[in-house]
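One letter stands for each residue in the lines below.
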Amino acid sequence: ALADGPITVYCGFDPTAPSLHFGNFVQLVALRRLQRAGHRVICLVGGSTGLIGDPKPTSERQLRTKEHTAQNVARIKELVQPFLDFDGSSGVDHPAILVDNLDWTAPLSAIDFLREIGKHYRVGTMLKKDSVAARLNSEAGISYTEFSYQILQGLDYLHLFRTYDCTLQTGAVDQWGNILAGVDLIRQAEGKHVHVLTTPLLTDSTGRKYGKSEGNAIWLDPTMTSPYAFF
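Quick summary incoming for the structure in this document. (Residues numbered from 1 in each chain as written. Predicted model: local features only at pLDDT ≥ 70, side-chain atom pairs only at ≥ 80, totals over all residues. Heavy atoms only, no water.)

### Regarding the sheet that holds strand 2 (residues 40-45)
Part 1 of the reasoning: Reading across from one edge, 3-2-1-4-5 is the order of the five strands in this open sheet, with parallel pairing throughout. Bordering the open sheet on either side are strand 3 (97-100) and strand 5 (195-199), each of which pairs with just one other strand. Strand-to-strand twist of the sheet, defined as the mean angle between neighbouring strand axes without regard to direction, takes the value 25 degrees.
Part 2 of the reasoning: Contacts from helix 9 (residues 176-190) reach strand 4 (166-172) and strand 5 within the one sheet, and its direction differs from that of strand 5 by about 170 degrees. (Pairing = 2+ DSSP bridges. Helix = DSSP H or I, 4+ residues; strand = E, 2+ residues; numbered from the N terminus. Axes fitted to C-alpha atoms, helices over the stretch in contact; angles between N-to-C directions. Contact = heavy atoms within 4.5 Å.)

Below, the structure written as structure tokens:
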């Protein structure tokens, strides 16, 4: 597909913190290289999915206020600017596109969401996702709110497929299940096949991943992790 391109590819970043981190940097570099190779790239900031939060393996996320999430969205939109060419100034064939999934999720009523999107999902398949299975086996269990996260992420892929002919989503390997939710949704709703590209997690010397949930995130915002500390 890449050889026959250009194709359109996207990666999503949830605003569950006021900064992106080192793991997100891997995805930004992947998008940057794809853009320089002549492909169209979309950077998605999760104004809606950030209000829910991707299920953690052991416990429920603390929901942030809409105002707090909106502040994080605005900051992340600033942080991605240096990594991708959004105005064509570097001579790339296709300037990057920046979108917020709240723009197409917020107008959906609960009934429309269940009828148009939910009907394509099978609960048995959703229960098999690693993050969901881990939570079902934990003392905390999982709320319907976080259980629905994979449907919201799948809706993103479907919307971008319909709007921009996006046929590739990138993400870290721990997003495999959520990304496949979008692949399955597009196949069910549109009868089309799309692609996935995942990258390994960045881990420390003990094999523990760097990230927010682990409490050892290396932030891209220089006010949260200094360039000296980052090095």
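### Section: the pairing of strand 4
Part 1 of the reasoning: Counting buried positions along strand 4 yields seven of seven residues, so the element is predominantly enclosed.
Part 2 of the reasoning: In terms of strand pairing, strand 1 (residues 8-13) meets strand 4 through three bridges, oriented parallel. Considered in strand 4, the bridge of V9 is made with L168.
Part 3 of the reasoning: Bridge count for strand 4 against strand 5 is five bridges, and the pairing is parallel. Within the sheet, the bridge partner assigned to G171 lies in strand 5 and is T198.
Part 4 of the reasoning: Handedness of the crossover is the feature at issue here: the chain leaves strand 4, passes through helix 9, returns alongside strand 5, and the resulting connection is right-handed. (Buried < 20%, exposed > 50% of the residue type's maximum accessible area, 1.4 Å probe, protein only. Right-handed = clockwise from strand over helix to strand, strands pointing away.)

### Regarding the nonpolar core
Part 1 of the reasoning: Core analysis: the largest hydrophobic core is formed by 26 residues, its most contacted members being Y10, I117, Y121, Y157 and L160.
Part 2 of the reasoning: Mapped onto this core, the elements with two or more residues apiece are strand 2, helix 8 (149-164) and helix 9.
Part 3 of the reasoning: In terms of nonpolar packing, the next biggest core, distinct from the first, is built from 19 residues, C11, L28, V73 and L84 among them. (Core = buried A, V, L, I, M, F, W, Y, C linked by side-chain atoms within 4.5 Å.)

### Let's talk about the packing of aromatic side chains
Part 1 of the reasoning: With the rule as written, the count across this model stands at four aromatic pairs.
Part 2 of the reasoning: With centroids separated by 6.0 Å and ring planes inclined at 35 degrees, the aromatic side chains of F22 and F25 adopt a geometry described as tilted. Of this pair, F22 and F25 both sit in helix 1 (residues 22-36), three residues apart, roughly one helical turn.
Part 3 of the reasoning: A relative accessible area of 27% means that F25 is categorised as partly exposed.
Part 4 of the reasoning: Each ring, one from F25 and one from F83, has its centre 5.8 Å from the other, and the planes form 75 degrees; the classification is edge-to-face. Taken together, the positions of F25 in helix 1 and F83 in the loop between helix 2 (66-79) and strand 3 put the pair 58 residues apart, joining distant regions of the chain. (Phe/Tyr/Trp six-rings, centres within 6.5 Å; stacked < 30°, edge-to-face > 60°.)

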